[in-house]
Amino acid sequence: MSRIFHIIAGVALAGGLAACGDAELQAQRNEERRQEELEISDESFFDLFRNQRNPDQGVLINRFLWQASLDTLSFLPLDTADPFAGVILTGWGSVAGGGSYRVTVLIDDPALDASSLKVAAFRQQGGRAVPVSDAENNQLEDAILTRARQLRIADSERRN
């Protein structure tokens, strides 16, 4: 029985010594954790919309593409706009040339680039949603990208 007691005591002692480690190193790590917590506590949910530090950070989409999409599609009723997911869904709306259209936009990258923007436009035909031609879809994407570049230029001129 005493042999088992000595083995258990030896394992417990070894575990206790291993847990101790370097006191200075542990103190330094604790201080680093406290500093990180203090840095995070200065931020709030609303900082995402204030863009106080870097205007292209906070939300993981490009703000110029987002605003340009809303501007370009302003003639259609807005169903859903989720800036965190980068998704804009419009309702059915009439266009000057005739017909009803609905558009879905996905912005999936913070870069102001054509690859960050995906547009899917639909035409109402016989009570069904039918995709528009690739040429029409590309025209809509080009209009959004052009507006985004205009917004970026205006923003950089305003800052200078």
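Keep in mind that what you see is a predicted model, and the values were worked out from it rather than measured.

Chemist: Looking at this model, I keep getting lost on the confidence of the model for the chain. Mind explaining?
Modeler: Here the chain averages 80 in pLDDT, and 69% of its residues register 70 or above. Note on residues 44–49: pLDDT is under 50 here. Beyond four places in sequence and across chains, it has eight contacts.

Chemist: Would you explain the packing of helix H4 (residues 63–72) against helix H5 (residues 134–159) in this entry?
Modeler: For any two helices packed against each other, one specifies the inter-axial angle together with the distance between the axes. Between H4 and H5, the least distance of the axes is 8 Å, while the angle of their chain directions is 125°. As judged from the angle between their axes, H4 and H5 are oblique. For the element pair H4 and H5, the recorded crossing hand is right-handed. Contact with H4, carried on its side by Arg63, Phe64, Leu65, Gln67, Ala68, Ser69, Asp71 and Thr72, involves Leu140, Ala143, Ile144, Leu145, Arg147, Ala148, Leu151, Arg152, Asp155 and Arg159 of H5 and no other residues of that element.

Chemist: Is there a simple way to explain the pattern of salt bridges in this structure?
Modeler: Side chains that differ in charge, positive against negative, can pair when their charged atoms come close. Applying the stated criterion across every chain, the model contains seven salt bridges. Where Arg158 meets Asp155, a salt bridge forms, and the shortest distance between an N and an O atom there is 2.6 Å. You can see Arg158 and its partner Asp155 sitting in helix H5, three residues apart, about one turn around the helix. Given the relative accessible area of 61%, Arg158 is considered exposed.

What counts, and at which threshold
- Residues numbered from 1 in each chain as written.
- Predicted model: local features only at pLDDT ≥ 70, side-chain atom pairs only at ≥ 80, totals over all residues.
- Heavy atoms only, no water.
- pLDDT = per-residue confidence, 0-100.
- Contact = heavy atoms within 4.5 Å.
- Axes fitted to C-alpha atoms, helices over the stretch in contact; angles between N-to-C directions.
- Helix = DSSP H or I, 4+ residues; strand = E, 2+ residues; numbered from the N terminus.
- Parallel < 35°, antiparallel > 145°, perpendicular 65-115°, else oblique.
- Left-handed = near helix turned anticlockwise from the far one by under 90°.
- Salt bridge = Lys/Arg side-chain N within 4 Å of Asp/Glu carboxyl O.
- Buried < 20%, exposed > 50% of the residue type's maximum accessible area, 1.4 Å probe, protein only.

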